[in-house]
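Inside the fold
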Amino acid sequence: MNALDKESASPHGNRDAARPTNVLIVGVGGQGVLMVSKVLAALCQSEGFEVKQSEVHGMAKRGGSVFSHVRFGEQVWSPTIPRGEADIVVALEWAEGVRWLDHLRRDGGTFIADTQRIVPPISFRNRTRNAASAYAPETPAEVVALVGNGFALDATSMATGLGDRRVANTVLLGALSTVLPFAAEHWLAVIEQFVPAKTKDLNRRAFLAGRDWAVSAERVPAAVATDAVAQKVTARAIETAPAHLLTINEAWCKGCDICVKMCPERCLSLNARMVAELARPDACTACHLCEWLCPDYAIRIESTPAVKGAS
Amino acid sequence: MDHVLETRASARTPIAESSSAPTAQRASRPLTGNEAIARGAWEAGIRVAAAYPGTPSTEIMESLADYPAEDLHAQWSTNEKVALDVAIGASFAGVRALASMKHVGLNVAADALMSLTYIGVNGGLVIVVCDDPGIHSSQNEQDTRLFSRFAMVPCLEPADAQEALVMTREAFDLSERFDTPVIIRSTTRLSHTRSLVTLGERTVPPSGHFREDPRKNVMVPAHARNRHPKLIEREAALRAHFATSGHVRWEAGRRDIGIITAGTPYAYVKEVLPDASILKLPAAYPLPLDLIGRFCASVERVLVVEELEPAMETEIRAAGLKVEGKAFFPRVGELAPEVVRAGLESAGILEPQPKVEPWQLTPPARPPVLCSGCPHTMSYMALRALDARVAGDIGCYTLAALEPLRSIDTCVSMGSSIANAVGIAKAGTEAKPIIATIGDSTFLHAGIPPLIDAVYNDANITVIILDNHITAMTGGQDHPGTGRNLRGSETARVDFEQMVRACGVKWVRKVDSYNVAEMYQACREAAAFKGVAVVISDRPCVLDPVKIKGPPLEVQAKNCIACQSCMNLGCPALGWSEDMFEGHHKVRINAALCIGCTLCAQICPSDCIHPSVQ
């Protein structure tokens, strides 16, 4: 079935002419949130609506959380969408979708999210043995069930399958097109203005793939091909940190300072006799780095037997 | 209110329609507030424009540079004061000029502004200042409207992009007519919101020339004393002007509630309480108090809705009028429809909305990070290893204050780091090595005088100039250290090493930011040197002007001992793999993000990171 032939339900068209339609587009810096919102704004403009598109530049660009508000209608005053009044939230990354979900209307808001995961470096902060990375534990099925009208699609894998992961945004636009009252050909005409000429065909296929996916009854991909690591890590129950023992052989330590400088948790220091000591035992995660780096084999980390079994 | 545009609250009238110049066929285009300001200045026929980049104002000058070079000279200046002085010079010479900056930039330019307000203008002079309510990308959220009152300079507040264009264009007429600089106050929300704007034509006023008038142009005490009363007269004249300006909107609505507002909050009021009587003012300073008095008399209760400080509310109350405002609306942060609604609810004007139970969700923190391959990373790894007391500065590298680098102890304002370090050293309480870190653009902006100060006063500090050959944080603008100007032409390039030596620094070393051993060794020697030592950490930004992407590296999992020492870099390309080693995750490199800077490979104690074999 070709999505172009199918008349979509367009739940967010002309419901209440006086009230603008609010679309919140979110993602991670560098993903193309701005491009997606520009396409939508240009399309709404060409369909004769008043449009306001508002975003924040600066710090957000550096891999941080990025959002863009698009509002269109007969008349639009505020450039920002009030919390809880977004008709549609489009997320280019899973955890960002989870972060902004509360902006969605409770009565019939639509949630469209790519299930791909971009795990931020700070999520790997906890180095305690068997610690989990911090990432949104909510699964696509849970969130879709929560919002009622939700689409969690693996747009990045779909785009990779089409030949270039960078057209994931266009896949999402395809899905978005099924809930807005604009003709697919109009979408494609606008998208073509924003993409390099040689990728027109690819973007067309990506758009249709997203549209086809959304008009089919699926709400969650059959197999969520997400970052298996993060998934697994999150799923693992947080075990209690096992005991370990860091010992420094004072006779062998010559105070070279290497362990002090390299300790990720800054728990070692040189004492008055210029010998390394464990100044903050609570902060030690038993990462073994000092043990590995000590040129004089003066540091030993012993784990309790139970942990040895676990590894 | 004879001259005031009166509309019904329900009427759909574009905000600035009434005052835009008539032209046969008006083109319209979606523009951001910043682009609209640039367009308005171009239409007003400006000949000179100068700025130092700063979010959210940066795109104004970038947009002006898109207009033909024969129409106007646009430039990046070394700082905001220089930019304003350049604009003042152009105004002296009889042409229209503009300086643009972010709110804290006005602090730097303040010295010039406080004299300029006495001098007035020859060619029209407009200063665009972009505030950042909510502190999206700044060190504070100061309110420029208070500054304009302090300087007695009119402060126009456009509410949307269309009004930004028209007000900017007309600001030059206002400037010349009242012999005053004019501030256009934008905010992040206006500067970065795109909406449809009707364009006008460019009209260049007849070219002026320098007017010799020492009593006006030379601010010595005798002259300045005569100028001060003129400011008071000017304030009164402007007050009268803003009572009848075409940009005043008196929208008669409900008689029981009237709202006085200006700028972007107007849109929030229209969104939340469209049937109220609204008085939308074009300028927060000076206020047309007679008009406001008549508005207050026409309704039963008056609220002032303004972002940040009660600038209007305080003055209206001082005039003896009964208004309310900050009792219900916050003095901190950005206004938004929901914030205005909450204020109106607490004032008893709107019925409280039913509380929506928030969903219990747990998204991870996602603070901004240094890019993968960012040359700043190693400089801060070295300082972390040195366990130094580090005075930081403003730029991308301020992010090194966060985990895992966590190696910046202070950040005050542009160029503060070096003199802060001097003070820490002179206090004599610090046992750690005292180090100032400052980016190339920030060093040129405000870092040179404190470096001279440090040498002059023989401070025992180390200065690390993080030279990434660009103004990175604001999106990659050129500066005198890049050898290119705003329009991309080749120009003279500052040699940091020579400049630092000329300031009297005896210990200077330039090192490759990607060389872990060299960088650490240089920092160590510099810290050991008694006196001012300067390390120039030299590598181009990986994003601008050219996006750098080298062959990615790969972790050979069998050799990885999960020590996590590479994770100390905080590189976004590094993450945990599923493989474990003694209860810890081995590391995996995201090939799509890795640019091959090799820092992790140099740090790895088990030598398991190598170029990927493909």
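Predicted, not measured: the structure shown is a model, and the values here were computed from it. (Residues numbered from 1 in each chain as written. Chains lettered and ligands numbered in written order. Predicted model: local features only at pLDDT ≥ 70, side-chain atom pairs only at ≥ 80, totals over all residues. Heavy atoms only, no water.)

1. Concerning the overall build of chain B
Per the secondary structure count, chain B includes 19 helices and 23 strands. Principal-axis analysis of the C-alpha atoms gives chain B an extent of 80 × 65 × 55 Å. Relative to its full complement of 614 residues, chain B shows a buried share of 60%. Taking the contacts inside chain B whose residues are at least 6 apart along the sequence as the reference set, 75% of them involve residues at least 24 apart. Accessible area of chain B: about 23200 Å², with a carbon and sulfur share of 53%. In chain B, the 59 positive side-chain charges and the 69 negative ones have mean positions that sit 2 Å from each other. (Helix = DSSP H or I, 4+ residues; strand = E, 2+ residues; numbered from the N terminus. Buried < 20%, exposed > 50% of the residue type's maximum accessible area, 1.4 Å probe, protein only. Contact = heavy atoms within 4.5 Å. Areas by Shrake-Rupley, 256 points an atom, 1.4 Å probe, with all protein chains shown as cover. Lys, Arg positive; Asp, Glu negative; His and termini not counted. Charge placed at Lys NZ, Arg CZ, Asp CG, Glu CD.)

2. Some details on the packing of aromatic side chains
All names here are of chain B. Taken as a whole and judged by the stated rule, the model has 16 aromatic pairs over all chains. With a centroid separation of 4.9 Å and an interplanar angle of 15 degrees, the aromatic rings of W42 and Y67 are classed as stacked. Of this pair, W42 sits in helix α1 (residues 33-43) while Y67 sits in the loop between α2 (58-64) and β4 (73-76), and the two are 25 residues apart along the sequence. Measuring from centroid to centroid gives 6.0 Å for F92 and F210, while their planes differ by 40 degrees, and the two rings are tilted. Placement of F92 in helix α3 (residues 80-92) and of F210 in the loop between β9 (193-198) and α8 (214-217) is noted, with a sequence separation of 118 residues between them. (Phe/Tyr/Trp six-rings, centres within 6.5 Å; stacked < 30°, edge-to-face > 60°.)

3. A few points about the interface of chain A and chain B
Taken together, the contact between chain A and chain B spans 78 residues of the former and 75 residues of the latter. Taken together, the links from chain A to chain B amount to five salt bridges. The salt bridge involving A:E93 is made with B:R366; its shortest N-O contact spans 3.0 Å. For the side of chain A that touches chain B, the element with the most residues is strand β2 (residues 50-55) of chain A, which contributes six residues. Of the residues in the side of chain A that touches chain B, the class split is 35 nonpolar, 20 polar and 23 charged. Sheet topology places β2(A) next to β9(B); two bridges connect them, and they run antiparallel. Across the sheet, the residue bridging to A:Q53 is B:R194, located in β9(B). (Salt bridge = Lys/Arg side-chain N within 4 Å of Asp/Glu carboxyl O. Nonpolar A, V, L, I, M, F, W, Y, C, P; charged D, E, K, R; others polar. Pairing = 2+ DSSP bridges.)

4. Brief notes about the sheet that holds strand β1 (residues 21-28) of chain A
Taken in spatial order, the eight strands line up as β6(A)-β5(A)-β4(A)-β1(A)-β3(A)-β2(A)-β9(B)-β2(B) in an open sheet, and their pairing is mixed. At either margin of the open sheet sits one strand with a lone partner, and together these are β6 (149-153) of chain A together with β2 (28-32) of chain B. Averaged over all adjacent pairs, the angle separating strand axes in this sheet is 20 degrees, with direction ignored. Note that β1(A) and strand β3 (residues 65-73) of chain A share eight bridges and pair antiparallel. Within β3(A), the residue paired with A:L24 across the bridge is A:H69. Lying over the sheet, helix α6 (residues 161-178) of chain B contacts β2 and β9 of chain B, oriented at roughly 60 degrees with respect to β9(B). (Axes fitted to C-alpha atoms, helices over the stretch in contact; angles between N-to-C directions.)

5. Quick word on the packing of helix α14 (residues 376-386) of chain B against helix α18 (residues 516-528) of chain B
Residues and elements named next belong to chain B. Close contact between α14 and α18 brings their axes to 9 Å; oriented N to C, the two are set at 50 degrees. Relative to α18, the element α14 lies oblique. Regarding α14 and α18, the two cross each other, and that crossing is right-handed. Across the interface between the two elements, M378, S379, A382, L383, A385 and L386 from α14 touch V516, M519, Y520, C523, R524 and A527 from α18. Residues of the contact of α14 with α18, tallied by class, amount to ten nonpolar, one polar and one charged. (Parallel < 35°, antiparallel > 145°, perpendicular 65-115°, else oblique. Left-handed = near helix turned anticlockwise from the far one by under 90°.)

6. A few points about the UniProt feature "binding site: [4Fe-4S] cluster 2" (unreviewed entry) in chain B
Residues and elements named next belong to chain B. According to UniProt, the "binding site: [4Fe-4S] cluster 2" (unreviewed entry) feature falls on C571, C594, C597 and C600. Despite a sequence span of 30 residues, these residues sit close together in the fold, their greatest C-alpha distance being 10.7 Å. If you trace the backbone, C594 turns up in the loop between β22 (584-589) and α19 (599-603). Residues contacting C594, with those up to four places away along its chain left out, are S372, K549, G550, P552, L553, A573 and I589. Here C600 lies in helix α19. The buried category is assigned to C600, whose relative accessible area is 7%. Discounting chain neighbours no more than four positions away, the residues touching C600 are L553, C566, L569, L574, I589 and I609. (UniProt positions renumbered as here; feature names shortened; annotations may be inferred.)

7. Structural notes on the UniProt feature "binding site: [4Fe-4S] cluster 1" (unreviewed entry) in chain B
Residues and elements named next belong to chain B. Within the UniProt annotation, "binding site: [4Fe-4S] cluster 1" (unreviewed entry) is assigned to C560, C563, C566 and C604. Taking the farthest pair of C-alpha atoms as the criterion, the annotated set spanning 45 residues converges on one region, since that pair is 10.8 Å apart. Excluding anything up to four places from it in sequence, C560 contacts V555, F581, K586, V587, S606 and C608. Its place among the elements puts C563 in the loop between β20 (553-555) and β21 (574-581). According to the relative accessible area criterion, C563 is buried, its value standing at 8%.

8. Looking at the confidence of the model for chain B
Residues and elements named next belong to chain B. In the predicted model, chain B carries a mean pLDDT of 93, and the fraction of residues at 70 or more is 96%. Low pLDDT, under 50, characterises residues 1-24; the predicted model gives this stretch 53 contacts beyond four residues in sequence or across chains. Our summary of model confidence lists the complex with pTM equal to 0.90 and ipTM equal to 0.89. (pLDDT = per-residue confidence, 0-100.)

9. Re the environment of A:A175
Residue and element names in this part refer to chain A. The topology assignment puts A175 in helix α5 (residues 168-177). The exposure class assigned to A175 is buried, which follows from its relative accessible area of 0%. Along the chain, A175 and E265 lie 90 residues apart, while their C-alpha atoms are 45 Å from each other. Each residue touching A175, except ones within four places of it in the same chain, is listed here: I112, L153, G210, R211 and A214.

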